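Single-letter residue listing:
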Amino acid sequence: MAASELYSKYARVWLPDAAEVWKSAELIKDYTPGDLTLTLRLDDGTELEYKIDPQAHNLPPLRNPNILVGENDLTALSYLHEPAVLHNLKVRFVDSRSIYTYCGIVLVAINPYESLPIYEADIINAYSGQNMGDMDPHIFAVAEEAYKQMARDERNQSIIVSGESGAGKTVSAKYAMRYFATVSCSSTEASVEERVLASSPIMEALGNAKTTRNDNSSRFGKYIEIGFDKKHCIIGANMRTYLLEKSRVVFQAHEERNYHIFYQLCASSHLPEFKAFKLGCADDFHCTNQGQSPVIEGVDDSKEMCNTRRAFSLLGISESDQMAIYQILAALLHLSNVEVKEQSADRCSISPDNVHLMVFCELMGVPCEEMAHWLCHRKLKTTTETYVKPVPKMSAVNGRDALAKHIYARLFSRIVDSINSALKSAVKQHSFIGVLDIYGFETFDVNSFEQFCINYANEKLQQQFNQHVFKLEQEEYMKEEIPWTLIDFYDNQPCINLIEAKLGVLDLLDEECKMPKGSDDTWAQKLYNTLLKQNAHFDKPRLSNRAFIINHFADKVEYQCEGFLEKNKDTVNEEQINVLKKSKFDLLLTLFEDDEKVPSSTNKRTSVIGRAGPAQRDNKKTVGLQFRQSLHLLMDTLNATTPHYVRCIKPNDLKASFTLDPVRAVQQLRACGILETIRISAAGFPSRWTYQEFFSRYRVLMKQKDVLPDRKQTCKSLLEKLIQDQDKYQFGKNKIFFRAGQVAYLEKLRSDKLRMACVRIQKTIRCWLARKKYLRMRESAITIQRHVRGHQTRCYVKFLRRTRAAVVLQRSMRMWATRRRYQQQRSAAIAIQCCLRAYMAKQQYYKLMFEKKSVVIQKWVRGWLVRQHFRRTLAAIILLQSCVRRMRAKNELKKLKVEARSVEHFKKLNFGMENKIMQLQHKINEQQKENRELSERLNAVEKARATEREKQSRELQNLHRSEQEARAKVETLPSLLEQLSFLQHELENTCREKEDLEEQTKVYKEQTQQVVEELNMKNSLLNSEKDELNKLILEQAQQLTDVKTNFENTEQMEKDLTEERSRYQNLLSEHLHLEERHRDLKEEINLSISSSKSGHKRTDSNYSSNSSEFSQSLGSTEGDDSSIQTEDEPQSTVDLPILLKLQRRVKDLEQEKQSLRQQLDNREEAQQEKAKEVEEQKTVGRAELDLETLKRQELESENKKLKQNLNELRKSLTTEKSELMPPAPGSLPYSILLDQLSSSNDELEMRKEEVLLLRSHMVRQEALKHKDSALGEGVKLDLEIPSFQDIDRPTDIHTLNEDGELWLAYEGLKETNRLLECQMQEQEQVHNEKYRKLLEEVNKLKKENEQQQKLLTQNLLLSEDARIDASLKHEITRLANENLEHMEQQEKQDKTIRKLKKQLKFYVKKVEDFEASAQEKSNSSVTNAPVRAVNITRKEKEYQGMLEYRQGDEARLLKNVVIDLKPRGVAVNLIPGLPAYIIFMCLRYADRVNDDQRVSTLLNSTISSIKGVIKRRGNDFEVVSFWLANTCRLMHCLKQYSGDEVVMTRNTAKQNEHCLTNFELSEYQQVIGDLSIQIYRQFIKCMEDNLQPLIVASMLEHETIQGVLGSKPTGLRKRSTSFPGVGAVTVEVLLQRLGHFHTTMCQHGMDPDLIKQVVRQLFYIICAVTLNNLLLRKDMCSWSKGLQIRYNVWQLEEWLAERELADCGAKETLEPLVQAAQLLQIKKKTEADAQAICNMCTALTTAQILKVLTLYTPVIEFEERVSTSFITIIKDLLKDRVESSTLMMDAKKIFSITLLFTPSSVALETIQIPASLNLGFLNRI
């Protein structure tokens, strides 16, 4: 294909970029060969010219079509190059948030730095058993592939997880191991899986540390072999470690930490067990404070220490061994703080009282002086002598650090050995899966010996990887039988030879280490001299003589030679080791045990880190040699297994979630070999299609005549036409192979073809639309013209009419105007005259009025003047009188003063008058006050009079003026008089009118007042009605709220009931499963015991064994509450007193059941004895019978009354809220019931006593009458008086007197005494019982009092909140206990009622038997009268619906009816539920003969037999369905014929006659109901196993119309899509299977309601499995697949409608799937679309909606991907939803089952037993 065809206009290419590595651009114009530049436009709109070298022809790489972007497999890309890989990973990781991507056989895992919900158990179940190409990429898919290949090929597997620090290698390895532990059948040995996972915390604590790139970086490599047995179950594990970074023990870079275990020890130093270590914080020790970052954010070292200790304990390492390990680690901490002092240039010393040295020696158990000496000295050996030489300070510090590293390495190796011994299994290992968690390619600013070894290991792994990829490619080509040439791929063997070959880097390093004066510099010079010019992969830096460069497969790395020799030799002072060997510390001695022998790497599978060898230098292995040997061993192991590759990528260095740094990503892709895989794939035929896939995808490029029946030939002919170059593709046996870029070319042709087809369709449609528009416009124009012309004509006619009308209007208007003008003038003249006359009348009226008023004024003025003159004269007279009287008084006063001056006169006057003087003085003072007041008043009056005078003078002047005016107006008086008369006349008229108006107003007021009163009354009535209506509205609103609350409460209660029922059924299934397992184990134990001790066997009676089994089953059913509470402890907290109360209640119920059985036996024996006595007493005579019949009649009447009372009680009880709900204690029905029961018991006791007395009296009377006859001699009175047997008495007691009355009196007295004694005993028993109850209540009150006191004392010590909480908790516990006690009392009372019912039934039956016998005797005694002869006809035999069988035939019956029965024959030929009917008819016979042993034996044996059949044939659908139907039918029969009045109303009269009479089997109903639930769960599991392989293939993978939209190209891992052909699974196949299930259930007679529940469960399973697979498969999330799913769902709904199951709730269970399909098809662009999606997808969780939108993938070019902004809008809209965060639906969920009672219409007496069942030993009764 020419470049001009590919590099055309609008083609997209990749350009190199410094920041983003690669950036996208688009061609603006076509490229022609020979052009030197390409005109491009970037995504931001800028245009540029890209230069092309004509010789190199370096065209930029093309970009893949958008439809191929985001693929699961990178090999599915048409253009395979670096930018395509990087872009695809970025789209998947950033946009789709998918962290896993396939690259051929490699799984690329990008660390999301965020917790994702994709590792739960339901995800594991979804990937289990699936092909690798069917599901989205996942670590579980790789693990499943390894597990499947191990089981299928019987070949060991390996999973190689590599990547740089922080890429997520350890986490990926963890999840792989978790997957193996989950899918393998390791449930019986769960401890193995736990121990394997428990090794991780230990290895992380000892081998992981914080680095600048990762907070939990593994500083060693490990290979874990997980062992499996022949059944592919995990049996053990083994671990190998590689190259522990020992230098970290003594040195850490900035912002880094030492190994976690040291910080965990320091954080736990406060614990008592660690006090002896004398530790402190991490900053106190030199080996933990160098990085200056002792704390990791979000990590609690003390908690991590607890996890580490727990893991040690789980692996079986004792506490003492753990403390020994911690002791050595603490000693290393102290050793790092030992300070070395410099004494001279070549000498140093350590103070003997150094605290840390003393603690180190104390913890190690070595002498302090020796250790201090050898830390500062070394021993030199020659051939003849040995020298002790001091060392300088630097050498001493290095020796100290070397000792610490050596001890830690040995300790690490020892711990690995302990873990391996704990994980080792005694069972022989059949196969294994290895998980290699090893470091990836590393390059830093300063690279040392560790980076050299790591990169050397990666070179070996990359070589193995390249060879494996090349091998797979070769196998694929050979399998398809296509010609192929050798693919040229990068072989890194030269680089490996540079490192490990003879005279390579490692060999020269080991040789230099053996030299006495070898150094890093001399070794570097040897490297330069030996390798620089001979090997192209070796190079020397320009500016350094102490470094070298190796060209690795990933990149060039510069290594610094400093420290290589020291790290390779890993030397330690031997004398220091000898000092440690003298220690008494056992663990320290075991660390150096293998120094005495040379370690063999082939025998050891433990850590291969550097170890100190023996004293001989020649036998010591260097670290490089050990690592090379261990690496070769690892490669041999990997080559012997099938490898699976996981490459972990670190997206960025900032640990930001879902952020990809392109530069860092490309570095790692180059380093981990992903790009090399792509290059190998691109060199061959990377794109591979099956012929059917190719035909389905590119059918649009063919014409109809080109389609041949042979798909292969059709594809060949098409490719020969489309692609001319035959080298671009090859035809294999099953696939077509394309070279890189060909699929993109075919996709371009396909899109062009589709685009042209779209253009043609658009052209045709637009032509049709235009013509249709033209015709519509033409027709509209004609119609408009017609209407316009008509309109114009109508307008002209209208104009003529208007003209004529205007003339008429003008004439009329002119006439009207003239007439109006005349009338206006006339009315104006009349108005002027009227006004003038009115004015003149008014003037005359005013004149008369003025004259009259002036006369009145004159009259009043003159009267006022006369009165004023009179007042003034009177005032002057009074003034004169007062002046004269005052003058006389003054004279009189003077005389008195003269007289008073004489003394005698004064004495006379004042004699005895002092008091009077005082009084007078007082009066004087008062008078003076009055005078002053009067004077003041007088002054005021005078002032007022003066003002009045002034006013009067002014008024007088006014009057004078008015008089003058009046005189002037008198002249006008005559005219005024006339006016006055006129006005008087008018006034009279107006007065009369006024009176009339007043009368009218009075009447109107009265009428209005009446109306107002009426309105007020109506208003008051309306107000009252309004108030009443408001009250009613409020009441109705309250009722509505109550109804709503009740409805909500009922809904909540129903929800709680369903949850409780499902929880109960789950617990029941678990309980029954444990019972089966317990029974199996018991059988195995019995078999083993019987084999060991053959001969001694104990056989219990059937009754005891069955009753024990029955009691066990009942105990399990009655203790459901307690079992539920104990099972649900992890979910909800259970109150301990309630749990104990429930356990005690179970025990009490069992004891009560045993006591009831004993009482029942005693009563039956007593009844039998009474029956015998009655039979003996029948022979007494006819008189006694007559009396007894009378008494029986009375008893019958009494019994009828009791029955009536009982019926009334039942009616009163049934009129409560619910018929089935028992009355609450204290309620009216409850009290009535207690009263009636007590009265009935009293009456029964009285009647019993009367019957006994009557019987004794009748016996005596008959004996007295017939004492001399034979009848009297034959009478025997069984008196049973043991106390009088030994008393001497006469031989003939009858001869005491003549008539025997004395004897009779004596006998009557004895019997009376006996009765009294019995009554006394009964009363004593009652008294004892009451006393016992009182004692229990007293003890109970004492305990409660003590508890209250304890609680009070405890509460006083607590805070107020805690006190409230404690009191509430105590009150809740007390109320719960009281409720339980009330429930127990209620159950006891219910049992008492049932007992009384049984007694009543028994007495009624006895009475009826007595009446029947008496009737027979009376009939036999009647003389036979002569009768006429009649014909006797034989009646047909009436059956009673019972089957008689002999005791012991139960096993034979159940063998034929249950064990050996074949459901298919019974379901087809016989009535449904026949085995249940047969068993129940046999049960009726056992009830009739009143044999409880038979009843219990038959029912328990039936339950055990059904359980056995289900256990053996639980996978047979028909068997499970058959016995589910029959078990439910047996349960319904027990209820239908139980005698319950509520049930009897639904029976026929004949069915009511067949009710059970002697036994109440409600508890067995519960047991059989539980068995039905167990069978139902097995039934659902069986159907689920049958449907599981069909669901995904039919609902998702199958396409009804092939090739409509086609399928996208896939990569190396093909999906198993079902194409048309043989064995294709369609929806019809699924519907046929469902139809088979439904038909079988109907044939077996299963209840219709139960069938609906089964169908609902099956549809939920279909929905859950389909939706879960949809959420895990990116290739299924497309528009066309949504259409297919909706069509399939419609077919399922049609199937429901055809079988009348639309109301079973199955349609609702499909709602999540329907909404997911709608979500795939709905528009996804704007905010309105987002709101519509949120409103529509109510059955999907937020995680599921976002997952579907993220996975949405266009299948054709015309679709668009969902933008990240739209997904963000959806997330914001759904953030307030309260729902579960789980992604997957629970496919294992089983809805709670409700077994509704369904009575049978089959009459038991009509059932015929077929001979094929071999039940001839049963007899119909």
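Residues numbered from 1 in each chain as written. Predicted model: local features only at pLDDT ≥ 70, side-chain atom pairs only at ≥ 80, totals over all residues. Heavy atoms only, no water.

1. Observations regarding helix α45 (residues 1627–1643)
The terminal C-alpha atoms of α45, which comprises 17 residues, lie 24 Å apart, in line with the 24 Å expected from a rise of 1.5 Å per residue. Restricting attention to buried positions, one finds in α45 the residues V1627, L1630, L1631, L1634, G1635, F1637, H1638, T1640 and M1641. At its buried positions, α45 is contacted by α41 (1517–1536), α44 (1562–1597), α46 (1648–1671) and α47 (1679–1698). The positive-phi residue at the C-terminal boundary of α45 is G1645, with phi of around 75 degrees. (Helix = DSSP H or I, 4+ residues; strand = E, 2+ residues; numbered from the N terminus. Expected span 1.5 Å × (residues − 1). Buried < 20%, exposed > 50% of the residue type's maximum accessible area, 1.4 Å probe, protein only. Contact = heavy atoms within 4.5 Å.)

2. Considerations on the side chain of R219
Within the secondary structure layout, R219 lies in the loop between β9 (217–218) and β10 (221–228). A residue is classified by how much of its surface remains accessible, and R219, at 11% relative accessible area, is buried. Only 2.8 Å separates the side chain of R219 from the side chain of S217, close enough to count as a polar contact. At 2.5 Å, the side chain of R219 forms a polar contact with the side chain of E245. The residues touching R219, leaving out its near neighbours within four places in the chain, are S165, G207, N208, A209, T211, L243, L244, E245, R248 and Y259. (Polar contact = N/O pair within 3.5 Å; in protein donor to acceptor, adjacent residues only side chain to side chain.)

3. Describing the nonpolar core
Membership of the largest hydrophobic core comes to 331 residues, with the highest contact counts inside it found for F180, F548 and L1634. By residue number, the principal contributor to this core is α44, which donates 18 residues. In this structure, F694, L718, F738 and L746 belong to the second largest nonpolar core, which totals 18 residues. (Core = buried A, V, L, I, M, F, W, Y, C linked by side-chain atoms within 4.5 Å.)

4. Here we look at the sheet that holds strand β19 (residues 556–560)
If you trace the three strands from one edge of the open sheet to the other, you get β17-β18-β19, paired in antiparallel fashion. Since the sheet does not close on itself, it has two edges, and those belong to β17 (538–539) and β19, each with one partner. As paired elements, strand β18 (residues 547–551) and β19 share five bridges and run antiparallel to each other. In the sheet register, F548 faces β19, and the bridge partner there is Y559. Sitting on the sheet, helix α13 (residues 449–480) is in contact with β18 and β19, with an inclination near 145 degrees to β19. (Pairing = 2+ DSSP bridges. Axes fitted to C-alpha atoms, helices over the stretch in contact; angles between N-to-C directions.)

5. Considerations on the packing of aromatic side chains
Under the counting rule described, the total for this entry stands at 36 aromatic pairs. Considering the side-chain rings of Y259 and Y408, the 5.2 Å spacing of their centres and the 10 degrees angle between planes classify their relative orientation as stacked. Of the two residues, Y259 is situated in the loop between β11 (234–242) and α7 (260–267) and Y408 in helix α12 (residues 393–423); the sequence distance between them amounts to 149 residues. A network of ring pairs unites the aromatic residues Y119, F140, Y147, Y175, Y179, F180 and F228 as a single cluster. If you follow K540 out to its NZ or CZ, it ends over the ring of Y528, 5.4 Å from the centre. (Phe/Tyr/Trp six-rings, centres within 6.5 Å; stacked < 30°, edge-to-face > 60°. Lys NZ or Arg CZ within 6 Å of the ring centre and 35° of its normal.)

6. Describing a nonpolar patch on the surface
Taken together, the side chains of I761, I765, W768 and L769 define a hydrophobic patch exposed on the protein surface, amounting to about 420 Å² of accessible area. Tracing the chain through its elements places I761 in helix α25 (residues 742–900). In this structure I761 comes out as partly exposed when scored by relative accessible area, which is 49%. (Patch = residues over 30% accessible without salt bridge, like charges linked within 9 Å, V, L, I, M, F, W, Y side chains within 5 Å. Areas by Shrake-Rupley, 256 points an atom, 1.4 Å probe, with all protein chains shown as cover. Salt bridge = Lys/Arg side-chain N within 4 Å of Asp/Glu carboxyl O.)

7. A few points about the sheet that holds strand β4 (residues 47–51)
Strand order across the open sheet formed by four strands is β1-β2-β3-β4, with antiparallel pairing between neighbours. At either margin of the open sheet sits one strand with a lone partner, and together these are β1 (12–17) and β4. The average angle at which neighbouring strand axes cross in this sheet is 50 degrees, direction not considered. Bridge count for strand β3 (residues 37–42) against β4 is five bridges, and the pairing is antiparallel. Counted as the bridge partner of T39 is E49 from β4.

8. Observations regarding a negative patch on the surface
Side chains of E993, E995, D996, E998 and E999 sit close together on the surface and give a patch of like negative charge. Position of E999 relative to the elements: it lies in helix α28 (residues 973–1092). (Lys, Arg positive; Asp, Glu negative; His and termini not counted. Charge placed at Lys NZ, Arg CZ, Asp CG, Glu CD.)

9. So, unusual backbone geometry
At Y10, a position not held by glycine, the phi torsion is positive, near 75 degrees. Looking at the element boundaries, Y10 is found in the loop between α1 (3–6) and β1. Not every positive phi belongs to a glycine, and R97 is a case in point at roughly 55 degrees. One can find R97 in the loop between α2 (82–95) and β5 (100–103). Residue R97 is classed as partly exposed on the basis of its relative accessible area, which comes to 40%.

10. Overview of the environment of R647
For R647, the position within the fold is in strand β20 (residues 642–649). It is 9.4 Å that separates the C-alpha atoms of R647 and E164, two residues lying 483 residues apart in sequence. Once residues within four sequence positions are removed from consideration, R647 is found in contact with V106, L107, V108, A109, I160, S162, Q462, F465, C672 and I674. A polar side-chain atom of R647 sits 3.0 Å from a polar atom in the side chain of S162.

11. Some details on the pattern of salt bridges
For the structure on display, the rule yields 41 salt bridges. E450 is the partner of K567 in a salt bridge, and the nearest nitrogen-oxygen pair spans 3.2 Å. Note that K567 is positioned in helix α17 (residues 564–569) and E450 in helix α13, a separation of 117 residues in sequence. Judged by its relative accessible area of 14%, E450 falls in the buried class. A salt bridge links K526 to E512; the shortest N-O distance between them is 2.8 Å. Placement of the pair is K526 in helix α16 (residues 520–531) and E512 in helix α15 (residues 505–514), with a sequence separation of 14 residues.

All we've got here are geometric facts, nothing functional implied.
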